[in-house]
Amino acid sequence: MNNTLNVIETRYSCRSYTGTAIEAEKVEAIALAAVQSPSGMNQQPWEITVITDKALIDEMDAVTMDMLSKQEDKALYKRMALRGGKIFYNAPCMFVIAKKPGTDLDCGIVSENIALAATSLNLGNVICGLARLIFDTEKGAEYAAQLIPEGYEFGVAVLVGYATEQEGTPHEPNMKKIRYIG
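Residues numbered from 1 in each chain as written. Predicted model: local features only at pLDDT ≥ 70, side-chain atom pairs only at ≥ 80, totals over all residues. Heavy atoms only, no water.

J.: In this structure, what is going on with the nonpolar core? I would like to understand it.
T.: Where a protein is soluble and globular, its nonpolar side chains tend to be buried together. Counting residues in hydrophobic clusters, the biggest one holds 31 residues, and the most contacted among them are Tyr17, Ile51, Met60, Phe88, Met94, Ile148 and Leu159. Those elements that place two or more of their residues in this core are helix H3 (54–69), strand S2 (93–99), strand S3 (124–128), helix H6 (140–147) and strand S4 (153–161). If one sorts the elements of this core by residue count, H3 sits on top with 6 residues. The contact partners of Met60, leaving out residues within four places of it in the chain, are Ile51, Phe88, Met94, Ile134, Tyr143 and Leu147. (Core = buried A, V, L, I, M, F, W, Y, C linked by side-chain atoms within 4.5 Å. Buried < 20%, exposed > 50% of the residue type's maximum accessible area, 1.4 Å probe, protein only. Helix = DSSP H or I, 4+ residues; strand = E, 2+ residues; numbered from the N terminus. Contact = heavy atoms within 4.5 Å.)

Encoded structure:
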């Protein structure tokens, strides 16, 4: 099997990181893979903010968990508490993808390029839509000003780092989701 197909087959959603910083060369390689993503009419309707400040990620994590703990519906808070009490799973690096309104597909392509690039570098990763919750906190406007350029909106985040376990389990492909015609 070729390397690309192997990376796709072995990629999984990592939800537990050591917290160890990633080498700058790897972060830069992943960022390059992000901006090499294809987009409709090559509009590149995204901006990517790379956060390697672990203290900032941990702060955003704590602020978000605190906000969830105060909500009437505690289901999400309990779910995250069972997963170690961290929205960002102790990841040392977060790629925040801001997008132009109406460009969800292009944003998804960028997030997948990041995830596959990270996997190819033996780094755990998870595409994290829950990162949007940080903007619902009391400090949400402050974080938005720091992470989302004017004219853009939050698309998705990808958490990247060294996994606490050597290998996770990729989801089982559902071959019933494929139809062939012809």
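J.: Please explain the pattern of salt bridges as it appears in this structure.
T.: Opposite charge on two side chains permits pairing when their charged atoms draw close. Taken as a whole, this structure holds 6 salt bridges when the rule is applied. For the salt bridge of Asp58 with Lys54, the shortest nitrogen-to-oxygen distance reads 2.7 Å. Of this pair, Asp58 and Lys54 both sit in helix H3, 4 residues apart, roughly one helical turn. Taking relative accessible area as the criterion, Asp58 reaches 27% and is therefore assigned partly exposed. The exposure class of Lys54 is buried, given its relative accessible area of 19%. A salt bridge links Glu142 to Lys139; its shortest N-O distance comes to 3.8 Å. (Salt bridge = Lys/Arg side-chain N within 4 Å of Asp/Glu carboxyl O.)

J.: Please explain the pairing of S2 as it appears in this structure.
T.: Walk down a regular strand and you will see the side chains alternate between the two sheet faces. Burial within S2 is extensive, with 7 of its 7 residues counted as buried. Residue alternation in S2 divides its side chains into two sets, Cys93, Phe95, Ile97 and Lys99 and Met94, Val96 and Ala98, and both sets are buried. For strand S1 (residues 46–51) and S2, the ladder comprises 6 bridges, and the chain directions are antiparallel. Following the sheet pairing, Ile51 is matched in S2 by Met94. Note: S2 against S4, 7 bridges, orientation antiparallel. Its bridge partner being in S4, Lys99 is matched across the sheet by Glu153. (Pairing = 2+ DSSP bridges.)

J.: It is not clear to me how the packing of aromatic side chains should be interpreted in this structure. Could you clarify?
T.: For any pair of aromatic rings, the description rests on two quantities: the centre-to-centre distance and the angle between the ring planes. For the structure shown, the criterion picks out 1 aromatic pair. With 5.5 Å between their ring centres and 55° between their planes, Phe135 and Phe154 make a pair best called tilted. Taken together, the residues Phe135 in the loop between S3 and H6 and Phe154 in strand S4 connect sequence positions 19 residues apart. Owing to a relative accessible area of 21%, Phe135 belongs among the partly exposed residues under this scheme. Sitting over the ring of Tyr152, Lys100 keeps its end group 4.4 Å from the ring centre. (Phe/Tyr/Trp six-rings, centres within 6.5 Å; stacked < 30°, edge-to-face > 60°. Lys NZ or Arg CZ within 6 Å of the ring centre and 35° of its normal.)

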